[in-house]
Amino acid sequence: MAIKLENIGIAVRDIEAAIAFFTDLGLSVVGRDEVSGEWASTAVGLDGNQAKIAMLQTPDGQGRLELFEYLHPDAIETTPTLPNEIGMHRVAFSVDDLDAALEIAARHGCRPLRGVANYENIYKLTYVRGPSGIIVMLAQDLTKS
């Protein structure tokens, strides 16, 4: 059986803020819609499911994020995920310039959880708390610099 990762889906409280954050980092919006109806309720497993969705793509065309903001049923707020919690954890991006990526993140009020780490002079990386509390890992490959 062939298998291919299609996208990562992330529920957000404000889809416009999330789109602004990820597009500023370099992703592009490849589609937007509002979904509802029996097919959406069946696929997701929520009766009366209605959501705004946006599909974003990395510049290389290989990675996609599907962002969704629930209109019905109401979204359920949770405490922000911690790095050591079981379950959906983070989304990770490689960037050419970590400092520039952190400047972009800061414009959206997003800062490193602790600081910037250097992994054996191979990667410079950090986790930031993105929109809706999403943990976003940003990593720069130092071997390509």
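Below: a short report on this structure. Since the structure is predicted, the reported quantities are computational estimates derived from the model, not experimental observations. Residue positions are counted from 1 within each chain, in the order its sequence is given. Reporting of local features is limited, given that this is a predicted model, to residues whose pLDDT is at least 70; pairs of side-chain atoms are given and counted only at 80 or more, and all residues count toward the totals for whole chains, interfaces and linings. To get the side-chain values, take all heavy atoms of the structure and skip hydrogens and water.

**Regarding helix α3 (residues 98-107)**
This is how it is decided: To sort residues, take the accessible area from a 1.4 Å probe on protein chains only and compare it with the maximum for the residue type: under 20% means buried, over 50% means exposed, and anything in between is partly exposed. Starting at the N terminus, helices and strands are each numbered in turn, a helix being any DSSP run of H or I of at least four residues and a strand any DSSP run of E of at least two. By definition, the arc is the one covered by directions from the helix axis to the C-beta atoms. Throughout, a contact is declared for two residues whenever any of their heavy atoms are within 4.5 Å. Any pair of nitrogen or oxygen atoms within 3.5 Å is treated as a polar contact; in protein, a donor-acceptor pairing is required on top of that, and neighbouring residues in sequence qualify only through side-chain atoms on both sides.
Among all positions of α3, only L98, A101, L102, I104 and A105 are buried. Projected down its long axis, α3 carries its buried residues within an arc of 160 degrees, all on one side. With respect to the buried face of α3, the exposed residues turned more than 90 degrees away are E103 and R107. Each element contacted by the buried residues of α3 is listed here: α1 (15-24), β7 (123-129) and β8 (135-141). The N-terminus of α3 is capped by D97, whose side-chain oxygen sits 3.1 Å from the backbone nitrogen of D99. At the exit of α3 stands G109, carrying a positive phi of roughly 75 degrees.

**Points about the environment of T79**
Along the chain, the position of T79 falls in the loop between β4 (64-72) and β5 (91-94). Here T79 falls in the exposed class, since its relative accessible area comes to 64%.

**A closer look at the sheet that holds strand β2 (residues 28-36)**
The test is simple: Strands are treated as partners if at least two bridges between them are detected by DSSP. Working convention: axes come from line fits to C-alpha atoms, limited for helices to the stretch in contact. Angles between N-to-C directions cover 0 to 180 degrees.
With respect to topology, four strands assemble into an open sheet ordered β1-β4-β3-β2, the strand pairing being mixed. In this open sheet, the two edge strands, each paired with only one partner strand, are β1 (8-11) and β2. Each strand axis lies, on average, 20 degrees off the axis of its neighbour in the sheet, ignoring direction. Summarising the sheet, strand β3 (residues 50-57) and β4 pair through eight bridges and their orientation is antiparallel. Its bridge partner being in β4, A54 is matched across the sheet by L67.

**Some words on the pattern of salt bridges**
Condition: Salt bridges, as used here, are contacts in which a Lys or Arg side-chain nitrogen is within 4 Å of a carboxyl oxygen on Asp or Glu.
Tallied over the full model, the rule gives three salt bridges. Between R13 and E77 there is a salt bridge; the shortest N-O distance is 2.8 Å. Taken together, the residues span a long stretch of sequence, with R13 in the loop between β1 and α1 and E77 in the loop between β4 and β5 at a distance of 64 residues. Accessibility expressed as a relative area gives 48% for R13, which makes it partly exposed. One salt bridge in this structure joins K124 and D99, with 3.6 Å as the shortest N-O distance. With K124 in strand β7 and D99 in helix α3, the pair connects residues that are 25 residues apart, well separated along the chain.

**Description of the sheet that holds β7**
Pairing is mixed in the open sheet, where four strands are placed in the order β5-β8-β7-β6. Strands with a single pairing partner mark the edges of an open sheet, and in this sheet they are β5 and β6 (117-119). Taken over all neighbouring pairs, the strand axes of this sheet differ in orientation by 25 degrees on average, direction set aside. Sheet strands in contact with α3 are β7 and β8, and its direction is about 10 degrees off that of β7.

**Observations regarding the packing of aromatic side chains**
The way to describe two aromatic rings as a pair is by their centre distance and the angle between their planes. Condition: Pairing of aromatic side chains here covers Phe, Tyr and the six-membered ring of Trp, requires ring centres within 6.5 Å, and sorts the geometry by plane angle: under 30 degrees stacked, over 60 edge-to-face, intermediate tilted.
All told, the structure shown has three aromatic pairs when counted by the stated rule. Plain terms: the ring middles of F68 and Y70 are 5.7 Å apart, the flat faces sit at 85 degrees to each other, and that makes the pair edge-to-face. Both residues of the pair, F68 and Y70, belong to the buried class. The structure contains a cluster of three or more aromatic residues connected by ring pairs, namely F21, F22 and F93.

On their own, these measurements won't tell you what the molecule is for.
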